[in-house]
Amino acid sequence: MSTYYPRTKDLTRTRKSVTESPPASPSATDKNYRHERLSRYDSSGESATDKPLGRTSSYTRRETRLAALGRQEQDATPKDYKKMYAEALHENEKLKSRLHDSKHELVKIRSQLEKVTQRHERISERSTALDSEKREKQALEKRVSNMEDDLKVLTELKSDNQRLKDENGALIRVISKLSK
């Protein structure tokens, strides 16, 4: 049995049941058990449960790939590190330029946002001022209408006062004629 690959508890239990010997007197179930046990072994005599399930071929494929990659790297011409460095510097400069442009655009957008918020605040202040002006205007209009009502009452009182003065003067004349 192979100990190269880790086993789960299920595989360990299966292996134990395979390695245990059947009872001394073979019965019908024991014959089935032996047949099962024999079918678990392949032609090499190695248990099927001991084989990594499809892992051997994947490992060999991986090893061949790695070996091929190693050969390709050895066969490749030496890399031009100066060119790679220059390309990396050029790419860094591009990225720095983009970053600078993005920062500049961010500052521009922030200033536009600030202007819009200031404009909004002015508009809200104007609307607040307009609301307060409307309230003041309504209060003044109410006060004017009250004053007009007071003027009407005053003119009525003046006319009543004048009438009473005229009546009083007439009564004084009548009393003075009667007393003569």
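Residues numbered from 1 in each chain as written. Predicted model: local features only at pLDDT ≥ 70, side-chain atom pairs only at ≥ 80, totals over all residues. Heavy atoms only, no water.

*Asks:* So what exactly am I meant to see when it comes to the overall build of the protein here?
*Replies:* Tallying secondary structure elements over the protein gives four helices and zero strands in all. Counting from the amino terminus, the protein carries its helices and strands in the arrangement α-α-α-α. Looking at the 180 residues of the protein, the share that counts as buried comes to 5%. The long-range share in the protein, meaning contacts at least 24 apart out of those at least 6 apart in sequence, stands at 35%. Of the roughly 16800 Å² that the protein leaves accessible, carbon and sulfur atoms contribute 56%. (Helix = DSSP H or I, 4+ residues; strand = E, 2+ residues; numbered from the N terminus. Buried < 20%, exposed > 50% of the residue type's maximum accessible area, 1.4 Å probe, protein only. Contact = heavy atoms within 4.5 Å. Areas by Shrake-Rupley, 256 points an atom, 1.4 Å probe, with all protein chains shown as cover.)

*Asks:* Help me understand a nonpolar patch on the surface, please; the structure alone is not making it clear to me.
*Replies:* Among the surface-exposed residues, Leu151, Val153, Leu154 and Leu157 lie close enough to one another that they form a single nonpolar patch of about 380 Å² accessible area. With respect to the helices and strands, Leu154 occurs in helix 4 (residues 81-179). Using a relative accessible area of 46% as the deciding quantity, one classes Leu154 as partly exposed. (Patch = residues over 30% accessible without salt bridge, like charges linked within 9 Å, V, L, I, M, F, W, Y side chains within 5 Å. Salt bridge = Lys/Arg side-chain N within 4 Å of Asp/Glu carboxyl O.)

*Asks:* Help me understand the pattern of salt bridges in this model?
*Replies:* A side chain with one charge may pair with a side chain of the opposite charge, provided their charged atoms come close. Following the criterion strictly, the structure yields two salt bridges and no others. A salt bridge links Asp160 to Arg163; the nearest nitrogen and oxygen atoms lie 3.9 Å apart. Here Asp160 and its partner Arg163 are both found in helix 4, three residues apart, which amounts to about one turn of the helix. With a relative accessible area of 41%, Arg163 lands in the partly exposed category. With its nearest N and O atoms 3.1 Å apart, the salt bridge here joins Arg163 to Glu167. Residue Arg163 and its partner Glu167 are both found in helix 4; the two are separated by four residues, about one turn of the helix. With relative accessibility at 40%, the residue Glu167 sits in the partly exposed group. In the salt-bridge network here, residues are joined through shared partners; they are Asp160, Arg163 and Glu167.

*Asks:* What am I meant to see in a positive patch on the surface here?
*Replies:* A cluster of like positive charges, contributed by Lys115, Arg119, Arg122 and Arg126, occupies part of the molecular surface. Along the chain, the position of Arg122 falls in helix 4. Note on Arg122: relative accessible area 42%, which makes it partly exposed. (Lys, Arg positive; Asp, Glu negative; His and termini not counted. Charge placed at Lys NZ, Arg CZ, Asp CG, Glu CD.)

*Asks:* What's the story with the confidence of the model for the protein in this structure? I'm lost.
*Replies:* In low-pLDDT segments, the atomic positions of the prediction should not be examined closely. Overall, the prediction assigns the protein a mean pLDDT of 77, with 64% of residues at 70 or greater. Mean pLDDT across the secondary structure elements of the protein bottoms out at helix 1 (residues 9-19), with 48, and peaks at helix 4, with 93. Counted against residues more than four places away or in other chains, residues 11-19, with its pLDDT under 50, gives 14 contacts. This model gives residues 46-51 a pLDDT under 50, and the stretch forms 14 contacts once residues within four places in sequence are excluded. (pLDDT = per-residue confidence, 0-100.)

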